[in-house]
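Each chain is listed here by its residues.
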Amino acid sequence: MLARYGGPEEFAVRELPEPVAGPGQCLVDVTLAGLNFVDLEWRQGEYGPPPLPAVLGVDVVGRRRGDGRRVVALLRRGGGYAEVACAEEAFTVEVPDGLGDEQALALLEQGATALGALELIGRPRPGEVVAVTAAAGGVGHLAVQLARELGAGRVVGLASTAAKREFVRSLGAEVALDPADPDLAERLAEQRIGLFVDSVGGAVLRAGLAALEPFGRLLSVGARADAPEDAFSVDELAGRSAGVLAFWLQHVLADRALFERIAGRLFELALEKRLVAHVDRTAPLARVGAAHRALAARATKGKVLVDVRA
Ligand SMILES: NC(=O)c1ccc[n+]([C@@H]2O[C@H](COP(=O)([O-])OP(=O)(O)OC[C@H]3O[C@@H](n4cnc5c(N)ncnc54)[C@H](OP(=O)(O)O)[C@@H]3O)[C@@H](O)[C@H]2O)c1
């Protein structure tokens, strides 16, 4: 838990009273919690964090109290880095037999973001070239695989190190680019990008927009807190008949039938091994600060997990 917002050194393991489930909620005996980029922002007191003393963690896998079913729960106000979490039933889904805890957890929050954004808003056209930023990250590495699944042509992934770019190619991307390349917009334009899926913002988003083919779309699923605000003029967009789109997972969660369909599709693809979540590391609870440091230092590939019982 955090007694105050700040750096990773603020985390402390403490005995706290068990949460109490209210109407529409359930308790989950957590086996693994996930790290998400929002955890870094909340830890620093940014982006509407839960009040102090705070338990972070917005996704968990474990057993639901009462029926003992294996579930993944998305926790919109945190509480995941704990042995017991209080979850909204509406944001909880059962894990099918045959799918491991790690895969199920690594797939749901970030996979629903990637699939929801691509399928509901981005809608890759058959054969279209799709670019994905932070393509080795939690959302990105699933978006690379899902873009192919949804009929995209070539996939271009952006990642900051040679090892990450190799990982991105291993996921099925034909081309992997360095977002720090000073000629990024030119490198992207050479790829004839139809859909640019961005979770970084700032200069990378600008390069993506500048490189779009006519009728292309820029699809934002997030931005670093330090990325400058973006403003687009109608003339700039009309200059390439471009669209600017954005996605927020909350709108999927607000529609239970849609959430179930998206979760079901992710789990089905995973059971068929057509979608594989990569787990970078599983940190014991007492080392969650080190795991935060690694995510902030851009040193992780795929999903970072926390073993709350270790
Ligand atoms: N729209 C929604 O509803 C929704 C839901 C969930 C997540 N998101 C967003 O999706 C994005 C990805 O989330 P995630 O949890 O999967 O994280 P993640 O992609 O695993 O985040 C880490 C990656 O971001 C890239 N990055 C670029 N600039 C960075 C910087 N200044 N500091 C740290 N990392 C930087 C790094 O990749 P490189 O080193 O390769 O550049 C890094 O490996 C975030 O923006 C998050 O807010 C949105």
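Before reading on, note that the structure itself is shown above.
Residues numbered from 1 in each chain as written. Predicted model: local features only at pLDDT ≥ 70, side-chain atom pairs only at ≥ 80, totals over all residues. Heavy atoms only, no water.

Next up on the list: the packing of aromatic side chains. Scanning the entire structure with this criterion turns up one aromatic pair. When the ring centre of W42 is taken as origin, the NZ or CZ atom of R77, which lies over that ring, is 5.6 Å away. Cation over ring: R224 sits above F37, and NZ or CZ is 3.5 Å from the ring centre. (Phe/Tyr/Trp six-rings, centres within 6.5 Å; stacked < 30°, edge-to-face > 60°. Lys NZ or Arg CZ within 6 Å of the ring centre and 35° of its normal.)

Moving on to the layout of surface pockets. Sizing a probe to match a water molecule and rolling it over the atoms shows the empty space that remains. Empty space within the second largest pocket amounts to approximately 810 Å³. Taken together, 35 residues make up the lining of the second largest pocket; nearest its centre are L16, V55, Y81, A82 and V84. Listed by contribution, the elements that provide at least two residues to the lining of the second largest pocket are β4 (84-88) and α10 (288-296). The residue inventory of the lining of the second largest pocket, partitioned by class, reads 23 nonpolar, four polar and eight charged. (1 Å grid on protein atoms, 1.4 Å probe; cavity = no way out; pocket = protein on both sides within 12 Å on 5 of 7 lines; lining within 4 Å. Points joined across faces, edges and corners; volume = space filled by probe spheres on them. Helix = DSSP H or I, 4+ residues; strand = E, 2+ residues; numbered from the N terminus. Nonpolar A, V, L, I, M, F, W, Y, C, P; charged D, E, K, R; others polar.)

Turning next to the pattern of salt bridges. Counted according to the given criterion, the structure contains 24 salt bridges. Residue R265 pairs with E119 through a salt bridge whose shortest N-O separation is 3.2 Å. With a gap of 146 residues between them, R265 in helix α9 (residues 256-271) and E119 in helix α2 (residues 101-122) connect regions that are remote in the sequence. Between E149 and R274 there is a salt bridge, with its nearest N and O atoms 2.3 Å apart. With E149 in helix α3 (residues 138-149) and R274 in the loop between α9 and β12 (279-284), this pair connects stretches of sequence that are 125 residues apart. Classification of E149 by relative accessible area gives partly exposed; the value is 24%. We classify R274 as partly exposed; its relative accessible area is 45%. (Salt bridge = Lys/Arg side-chain N within 4 Å of Asp/Glu carboxyl O. Buried < 20%, exposed > 50% of the residue type's maximum accessible area, 1.4 Å probe, protein only.)

Moving on: the site of the ligand. As a structural note, the neighbourhood of the ligand is formed by 25 residues, with S160, K164, V221, L249 and R298 the closest of them. At a separation of 2.8 Å, an oxygen atom of the ligand approaches a polar side-chain atom of K164. Between the ligand and V221 there is a distance of 2.9 Å, counted from a nitrogen atom to a backbone nitrogen or oxygen. The protein chains hide 89% of the 910 Å² of surface that the ligand would expose on its own. Counting residues per element, the ones that place at least two in the shell around the ligand are α2, α3 and α10. Here the shell around the ligand gets three residues from one element, more than from any other, and that element is α2. Viewed by domain, the shell around the ligand spans two of them, domain 1 (8-94 + 278-307) and domain 2 (110-250), each represented by three or more residues. (Near = heavy atom within 4 Å. Polar contact = N/O pair within 3.5 Å; in protein donor to acceptor, adjacent residues only side chain to side chain. Areas by Shrake-Rupley, 256 points an atom, 1.4 Å probe, with all protein chains shown as cover. Domains from an automatic or database assignment.)

One broad trend across soluble globular proteins is that nonpolar side chains are buried collectively. Ranked by size, the top nonpolar core spans 55 residues in total, and within it L108, V132, L146, V197 and L266 carry the most contacts. Elements with a contribution of two residues or more to this core: β3 (70-74), α2, β6 (130-132), α3, α4 (162-170), β9 (195-198), α8 (250-253) and α9. With 10 residues, the single largest contributor to this core is α2. Counting contributing residues per domain, this core is built from domain 1 (8-94 + 278-307) and domain 2 (110-250), each supplying no fewer than three. Those residues in contact with L266 that sit more than four places away from it in its chain are L107, L108, G111, A112, L115, L146 and L275. (Core = buried A, V, L, I, M, F, W, Y, C linked by side-chain atoms within 4.5 Å. Contact = heavy atoms within 4.5 Å.)

Our next topic: the side chain of K164. Its location among the elements puts K164 in helix α4. Buried charged residue K164 carries no salt bridge. Nearest counter-charge: D280, at 8.3 Å. Among the polar contacts made by the side chain of K164, one reaches the main-chain carbonyl oxygen of R298 at a distance of 2.7 Å. In this view, K164 contacts A136, A159, R298, T300 and K301; residues no more than four positions away in its chain are not counted. (Lys, Arg positive; Asp, Glu negative; His and termini not counted.)

This part takes up empty space enclosed by the protein. All chains considered together, the criterion is met by one cavity of 30 Å³ or more. The volume enclosed by the largest cavity comes to roughly 40 Å³. Here the lining of the largest cavity gets three residues from one element, more than from any other, and that element is α3. Classifying every residue of the lining of the largest cavity by side-chain character gives six nonpolar, three polar and no charged.

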